[in-house]
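# Tertiary structure, described
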Amino acid sequence: MKHLKYLLLLLVVTSCNALRASFDYDPQVSFSQFQTYKIYPDLVSKMSQLDEQRVLSILDSELNSKGFTTSENPDVYINFYSSEYQSDSRNTLGIGVGGGGGNMGVGVSGGIPIGGPQTNMRLTIDFITVENDALIWQAVIDSQFNFNASPEVREAKLRKMIQEALKGYPPKKN
């Protein structure tokens, strides 16, 4: 019973850092035909040069594990870009006051935010056909991101984000 409160606290803390992924794709496309890729020639990632290099390396590794190979004459271009945004802290301290008598009660409660705003990154990954320059698959990943973290922590976070994104490729058609 002593350890239950620590377990619950750990659960709350880890759940606040969850990745959220959404996917969209062209249902008319047969994704099994794509086996080679190249990074989009007009890439504008809006990331630092170091983070961009990390993403390129991670994408190469993860796409190779899915059976893709790089090519000068690819089937698809891979494009990615990011944006940074702030969100309010979801951690609050609840305070309530109430009273009552007889069959009636009255109470007032409110939450006091703990900590400042959280910095988040939205990473978008696009698969674009070379043949007609059409977007055929897209993943958008939102996650809390510490831009002041060490290079190792940044790389680990980017790897988790990209792995979560590529879970949706190829799309499972209903």
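The residue numbers shown here count from 1 along each chain, following its written sequence. Note on the predicted model: pLDDT of at least 70 is required for a residue's local features to be given, and 80 or more for side-chain atom pairs to be given and counted; whole-chain, interface and lining totals, by contrast, use all residues. Think of the side-chain values as coming from all heavy atoms in the structure, minus any hydrogens and water.

## With respect to the pairing of strand β7 (residues 118–129)
The line we're drawing: Per-residue accessibility, obtained with a 1.4 Å probe over protein chains only, is compared with the maximum for each type, and a residue is labelled buried under 20%, exposed over 50%, and partly exposed between these values. Helix and strand assignments follow DSSP, with helices taken as H or I runs no shorter than four residues and strands as E runs no shorter than two, numbered in order from the N terminus. What makes two strands pair is DSSP finding at least two bridges between them.
Extensive coverage of β7 is indicated by the burial of 10 of its 12 residues. By the bridge criterion, 12 bridges tie strand β4 (residues 76–87) to β7 in an arrangement that is antiparallel. Within the sheet, the bridge partner assigned to Y81 lies in β7 and is T124. Relative to strand β8 (residues 135–144), β7 is paired through 9 bridges, and the arrangement is antiparallel. Looking at β8, one finds that R122 is bridged to D142.

## Some points on the side chain of R154
Note the cut-off: As used in this structure description, the phrase polar contact means that two N or O atoms lie within 3.5 Å; if the pair is within protein, one of them must be able to donate a hydrogen and the other to accept it, and residues adjacent in sequence are counted only when both atoms belong to side chains. Contacts were defined at the residue level, with two residues in contact if any of their heavy atoms lie within 4.5 Å.
With respect to the helices, strands and loops of the structure, R154 is situated in helix α3 (residues 151–166). A relative accessible area of 11% places R154 in the buried class. Looking at R154, its side chain comes within polar contact range of the side chain of D51, at 2.3 Å. With sequence-adjacent residues up to four places away left out, R154 is seen in contact with S48, D51, R54, F145, N146, F147, N148 and A149.

## Some points on the confidence of the model for the protein chain
Condition: For every residue, the predictor states its confidence as a pLDDT score lying anywhere from 0 to 100.
Summing up the model confidence of the protein chain, the mean pLDDT is 86 and the portion of residues at 70 or higher is 83%. This model gives residues 7–15 a pLDDT under 50, and the stretch forms 0 contacts once residues within four places in sequence are excluded.

## Here's the deal with helix α2 (residues 49–65)
A turn of α-helix holds 3.6 residues, and therefore any two residues three or four places apart point the same way. Heads up, the rule is: How far a helix is expected to stretch is found by multiplying one less than its residue total by 1.5 Å. For this quantity, the arc is that covered by the directions from the helix axis to the C-beta atoms.
For α2, spanning 17 residues, the distance from its first C-alpha to its last is 25 Å, which sits close to the expected 24 Å at 1.5 Å a residue. Of all the positions in α2, only D51, R54, V55, I58, L59, E62 and L63 are classed as buried. In a view along the axis of α2, the buried residues occupy a sector of 150°, so they form one face of it. Exposed side chains of α2 directed beyond 90 degrees from the buried face belong to Q49 and L50. The positive-phi residue at the C-terminal boundary of α2 is G67, with phi of around 95°.

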